[in-house]
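# Examination of the molecular architecture
Letter by letter, the chains look like this.
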Amino acid sequence: MFHQPRDRAEALDLRARWAGDATVLNGGTDLLVALNRDAIQLRHVLDLSRVAGFSDINRENGHWVFSGGATLAKIARIPVAALARAAMSTGGPAIRNRGTIAGNLGTASPAGDGCVALLANDAFVELTHATRGVRSIPIADYFTGFRKTALLADELITSVRVPADWKTAWQKIGKRGSINISLVCGAGGVSPTGAVRLAYGCVAPTVIRAKSAEAIIDRDGWSDGAIEAAAQAAMKDVAPIDDHRASATYRRAMVGVVTRRLLKELRP
Amino acid sequence: MSETQVPQVRVTCTVNGAAVDRDADLDRTLLDFLRDDLGLTGTKGSCLEGECGSCTVILDGAAVNSCLVLAAQTQGCKVETIEGLANGDKLHVLQDKFLASGAAQCGYCTPGLIMAAKVLLDADPNPNEQVFFEGMEGNICRCTGYAAICEAIRSAAKEWK
Amino acid sequence: MISSQPTGIQTDAPAAGPLVEPSTTPYLERPHGPVGRSERRIDGVEKVTGAALYGADLFFNRADLFATIVRSEIPHGHLLSVDSTAALKIDGVLAVYTAKNMPPGATNRQGLIHRDHPVLVEDKILYRGDAIALVVARTERASREGRRAVKAEYEKLPVVGDMDDALAEDAPRLHPNGNIMGGKRIRKGDVDAALAASDVVVSETFQTQTVDHAFLDIEAGIAYWRDGLLTIHASGQWAHEERRLVALALGLPIESVRIITPATGGAFGGREDLGLQVYLGLAALKHPGKTIAMRYSREESMRARHKRHALRIHYTVGAKSDGTLTAAKITVYSDEGAYASTGPAVLRKAASHSTGPYRVPNVYVDVYGVYTNNNPTGAMRGFGACQMAIAYEGMMERLAERLGMDRIELRRRNLIRSGDAVTTGQIIPLATGVECMDAALRQFRSKPMPPAPSAPHMKRGWSLSVICFGLGYGDGFPDASRATVRFTPAGRLEVATGGVEYGQGLLNMAGQIAAEELGVPMSLVDVVWADTGRTQESGSSSATRQTYFTGNAVKIAASELREQVLDIASKLLHVHPHELDMRDARVVGRFDASLVKPLDEVLQAGRERGHSLEATGIFKPRTVCEDYETGQSPRSFITYLFASHLAQVLVDTETGEVRIERYIACHDVGKAINPQSVAGQMIGGATQGIGMALMEEVVNVDGVMRNPNFTDYILPSFRDIPIIETVILENDDPGGPFGARGVGEPPLIAATPAVLAAIANAIGVQPHTTPCTPQRVWELLHPEEAAVPHEARFGLAPEHARMGR
């Protein structure tokens, strides 16, 4: 069966009704890769690509509100530095025209650039059920394990709420200038009250924050010494592995490099 | 017992201005629909994962990797492929400049690349380097080393309408 | 940007002296037609409009049945059984074939040099790409489902995952004669004495990586058996050899096989071994009258296909304190993978190019091929010479450092000059390595260096490479090309060549040469190519040989036809044929401008008088096999190419990321038949070499390929390659068509060492392992953190595994 709801209510109803029996599809930049590799079959699909307003981005109450279907191309134009740069550093224009924020969050890859940027920005992921309503999950609680999230099988990621007034920064290390799977990526955010967030991709089973590094900046401020101590702490906060892309040692070292660069850029 | 009973979806769209209205397998990608159902073999499949851009077509004015779109998703959409670019015997300016610059060697990346370049120049006929890379970085060429392609696109930009 | 600086044979008129009679004026060969011009591609319009038909484009409205290959899930073991019961129950699946189903008389073997590779596994599995069954179905979907449902039973054997595994005392024997495929040696002078007497000795171990061709046009084709003829439409690099191999594998007489090559999207050596041709043929034989279609996925293409050899190169070089090279002692271990493929030839080319364009009087080389349970390794652009260039150029950089000498001047001191000998002892009559290097430097210095980077961790560096390369198969291997040219009844010039066009510009090379010789515009030229039913054997499109071999064959054929046409015209214009010329679709007087006849009229007269208006040319020069003991030969390669590349890089020393800021490629091609095409090959080849230098790597772990896709097999993109500046030198090769040599492989060969040397210049540490990914560059700066310690890993092979003397 192929469902192509035209409005949000219909989409939620279908999701509630079919739950895990119907595969959710929108931009297809993860799902169809798996299809083309014969890793999955598609027989029952819930296509969200025509839900009215589902790619909208609005400004509300000091937040940017990204509807779940907001594409990376649209996100790249929003003045949230880390998120916009993360969106631009993902694939080429064809990928950006299709890849969505909900898709990134649904896949929850530990390498997900967008997820890293959101994690450094205290975003809220809004999970909606047709009748139970909206659950607003702080991004720090959203990723629960390797490619596992707080999303239930009968819910949809309907929007992501990102504070608009943070100062953010982005770093990405790759083997090539374009279309990178990151070797290591990182995002930093500072709230208007000075709270610091440091988030990384590709160095743990999920995207991850370096909480002891954040604590050092919170406690000791932004001196060169504090930044160096935070970089060292961040390297201990992460759990990279050896794989065919890079070694754990290198990744850990790059967390240090990325942390220094993020903090120097964010330094008030 | 077999798995080959695939649900059919009615696909109603336009391809290069011509109306299309026919059934397709639910899991048929737009790439395979164009090539195997409609016989428009100009669009190519290569990496089949959105890394190379050989399958690039224009969907409602935006460049997309047709290997990552289901035909079923194109209801009411406007699809443009390489076959729709030339005007009879008169080549599109991009095609002509590709020939003039030697920007096609094996030619396999060429259709997808030209479609991506069309989207780029339609949005900005005088792209700076940053915009140029952002528009073209989704397309890989294995033969040319890109120089002749850049020359062709810049040359076409000068005559863009 | 192309700048052409012809040097060489002077063509000035004599300054003074008695008037020379026109009929004794020397025959100067100065192209006035398409040769030397950047004519538009003959196959260009169909490529830019999407009308060109590649293998998979032939399916539409033609394919009756679809075939897929079931491949081994294990890298090493015995195939115990294949159970197709479940597969055959699937709606649409017609048959599942195994080795038992090969036709009578079939050898079930393939391989370009040794027929050591089963088409369908009979017993032994040697890599995780070996084909164990062929599924034929009514639809592509059913064929894939059928493939999934086929159950194979294996007896696993321990995996020989790398060369060290293969050389271990207790290693499983992969082939009857063990794990060493064979080797090649060079013995010239007395290396040990020369090293002992040298002022300085430098040693290094290099490790190059397994590389994938990654052509974009994935293997695909159709085939049918009708009226006693098996016709296969599939891309390769050598239609006539594919025909021989298919016939042998399937037990058919050669005249029952026809190979037609569709539009081909790249090859780079990756289509030299058979791909899916025999499988298509088998399915066609089993389903007579039906058109079978088959295509690989990208993953299958990468898992199945042969790769570039990864080489471990132990290199010791000796020199005097003034930098003069005295000796080179080199031991190479080459990962052959599961089967020989063109490995024996790659070993030989690695050996014969092991000291590159340098004068080294004492040379000992031992190259060993070592079997493993990885993909068979075979032809890829560069063919052994590519990996060796990384080593010899790396040694020059190290030697310069050790001597405190400028690396350019060290090269200048040691580069061979015309009349010097290369590694094999072959004298090179025209050696232009120095000229290439100086031209690249001039181009480099024509623009100012950018200001130094402000961030202290960003380091800029530049350096260059100089390489040489013998074109053609060489080494006495039979190497010939045949071409036919004719004027059709409609008055068009048709060139027929067996050579494959895969983007490199073969059609234009052949067409422009014929058009030049016969004085017709390119608009009248058609090229028929790579169809064993219509064209003669022209050898493979590989080994940088087609311009020289097929260009010469075409030129010979065209000049034969030219003589025929002028003979015909002699009667019409009442002068001797030698007083006539062909230009602008006319026959004209060479000395008397009033003599003119439209070509059409001459051709018509010829037809009426029973002339064939057709001619064939065969170019079959002799090369001399390298001596078994010494590796020396007076003429291993028909001619040599020289090139120099220069790279300027910016390195982020904190992350190891390398950006190429500026890049110059200089090649002496003899004569650029089509300069735009030549520049395109230079830039495209350099880009592949940059990919090899920085990012491309097939990662095999215990016989399993970890990155059979483009997400993790990283190819250079727009952002990675600056606009490469090209400098073309034209020093006439007396044996080449219009003085042309060729261009295909040298651009890749010269690129990787130039990038590595530039990195070394930037960071002050010499790279030894490719690719120089960010991690590897970072590890050069933090050697104690290296994932694989350099010294510990790269010892020489154990004694028992080395060949004697």
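Conventions adopted
Residues numbered from 1 in each chain as written. Chains lettered and ligands numbered in written order. Predicted model: local features only at pLDDT ≥ 70, side-chain atom pairs only at ≥ 80, totals over all residues. Heavy atoms only, no water. Helix = DSSP H or I, 4+ residues; strand = E, 2+ residues; numbered from the N terminus. Rg over C-alpha atoms; globule rule 2.2 N^0.38 Å. Buried < 20%, exposed > 50% of the residue type's maximum accessible area, 1.4 Å probe, protein only. Contact = heavy atoms within 4.5 Å. Areas by Shrake-Rupley, 256 points an atom, 1.4 Å probe, with all protein chains shown as cover. Lys, Arg positive; Asp, Glu negative; His and termini not counted. Charge placed at Lys NZ, Arg CZ, Asp CG, Glu CD. Buried area = accessible area lost by both parts, 1.4 Å probe. Salt bridge = Lys/Arg side-chain N within 4 Å of Asp/Glu carboxyl O. Polar contact = N/O pair within 3.5 Å; in protein donor to acceptor, adjacent residues only side chain to side chain. Disulfide = S-S within 2.5 Å. Pairing = 2+ DSSP bridges. Axes fitted to C-alpha atoms, helices over the stretch in contact; angles between N-to-C directions.

## Describing the overall build of chain B
- Per the secondary structure count, chain B includes five helices and five strands.
- Ordered by position in the sequence, the α and β elements of chain B form the string β-β-α-β-β-β-α-α-α-α.
- Computed over its C-alpha atoms, the radius of gyration of chain B comes to 16 Å, within 12% of the 15 Å expected for a compact globule of 161 residues.
- Reported as C-alpha extents along the three principal axes, the dimensions of chain B are approximately 55 × 30 × 30 Å.
- Per-residue burial for chain B yields a buried fraction of 66% across its 161 residues.
- Across chain B, the fraction of contacts at a sequence separation of at least 24, relative to all contacts at a separation of at least 6, is 54%.
- Accessible area for chain B stands at about 5300 Å²; split by element, carbon and sulfur atoms hold 46% of it.
- Treating the 13 positive side-chain charges of chain B as one cloud and the 22 negative ones as another, the clouds have centres 7 Å apart.

## Let's talk about the overall build of chain C
- Along the backbone of chain C there are 19 helices and 33 strands.
- A compact globule built from 805 residues should have a C-alpha radius of gyration of about 28 Å, and chain C, at 27 Å, falls within 12% of that.
- Expressed as lengths along the three principal axes of its C-alpha atoms, the size of chain C is roughly 80 × 75 × 55 Å.
- Per-residue burial for chain C yields a buried fraction of 66% across its 805 residues.
- At a minimum sequence separation of 6, the contacts of chain C that also span at least 24 residues come to 80%.
- Within chain C, the 94 negative side-chain charges are centred at a point lying 2 Å from the centre of the 84 positive side-chain charges.

## What about the interface of chain B and chain C?
- Each partner contributes residues to the interface: chain B has 59 residues there, and chain C has 55 residues.
- Here chain B meets chain C over a buried area of about 4500 Å², counting both sides, of which 56% is carbon and sulfur.
- At the boundary of chain B with chain C, the tally comes to eight salt bridges.
- Between Arg295 of chain C and Asp36 of chain B there is a salt bridge, with the nearest N and O atoms lying 3.3 Å from each other.
- Joining chain B to chain C, the criterion identifies 27 residue pairs in polar contact (both at pLDDT 80 or more).

## Some remarks on the state of the cysteines
- By the definition in use, this model includes zero disulfides over all chains.
- Free cysteine: Cys106 of chain B, not disulfide-bonded; nearest cysteine sulfur from Cys143 of chain B at 3.7 Å.
- The closest cysteine sulfur to the non-disulfide-bonded Cys625 of chain C is located on Cys468 of chain C, 19 Å from its own sulfur.
- Judged by relative accessible area, which is 45%, Cys625 of chain C ranks as partly exposed.

## Focus on the sheet that holds strand 3 (residues 45–47) of chain A
Residues and elements named next belong to chain A.
- Within the open sheet, the three strands sit side by side as 1-3-2. Their pairing is parallel. Looking at the sheet topology across the chains shown, the edges are occupied by strand 1 (2–3) and strand 2 (23–25).
- For strand 2 and strand 3, the ladder comprises three bridges, and the chain directions are parallel. Residue pairing across strands places Leu25 opposite Asp47, the latter belonging to strand 3.
- In the packing of helix 1 (residues 8–18) onto the sheet, contacts are made with strand 1, strand 2 and strand 3, and the angle to strand 3 comes to roughly 160 degrees.

## A word on helix 18 (residues 774–781) of chain C
- Within helix 18 of chain C, six of the eight residues are buried, which leaves the element mostly enclosed by the surrounding structure.
- Within helix 18 of chain C the residues assigned to the buried category are Pro774, Gln775, Val777, Trp778, Glu779 and Leu780 of chain C.
- Contact partners of the buried residues in helix 18 of chain C: helix 11 (248–266) of chain A together with strand 29 (639–652), strand 30 (658–668) and helix 17 (746–763) of chain C.

## Notes on the interface of chain A and chain B
- Facing 33 residues of chain A, the contacting portion of chain B comprises 32 residues.
- When the two sides are added together, the surface that chain A and chain B hide from each other amounts to roughly 2500 Å², 55% of it contributed by carbon and sulfur.
- Taken together, the connections running from chain A to chain B amount to four salt bridges.
- One salt bridge connects Glu51 of chain B with Arg176 of chain A, and the closest N-O pair in it is separated by 3.6 Å.
- Where chain A touches chain B, the interface holds 13 residue pairs in polar contact (both at pLDDT 80 or more).
- Every element with two or more residues in the side of chain A that touches chain B is listed here: helix 2 (31–36), strand 3 and helix 5 (93–98) of chain A.

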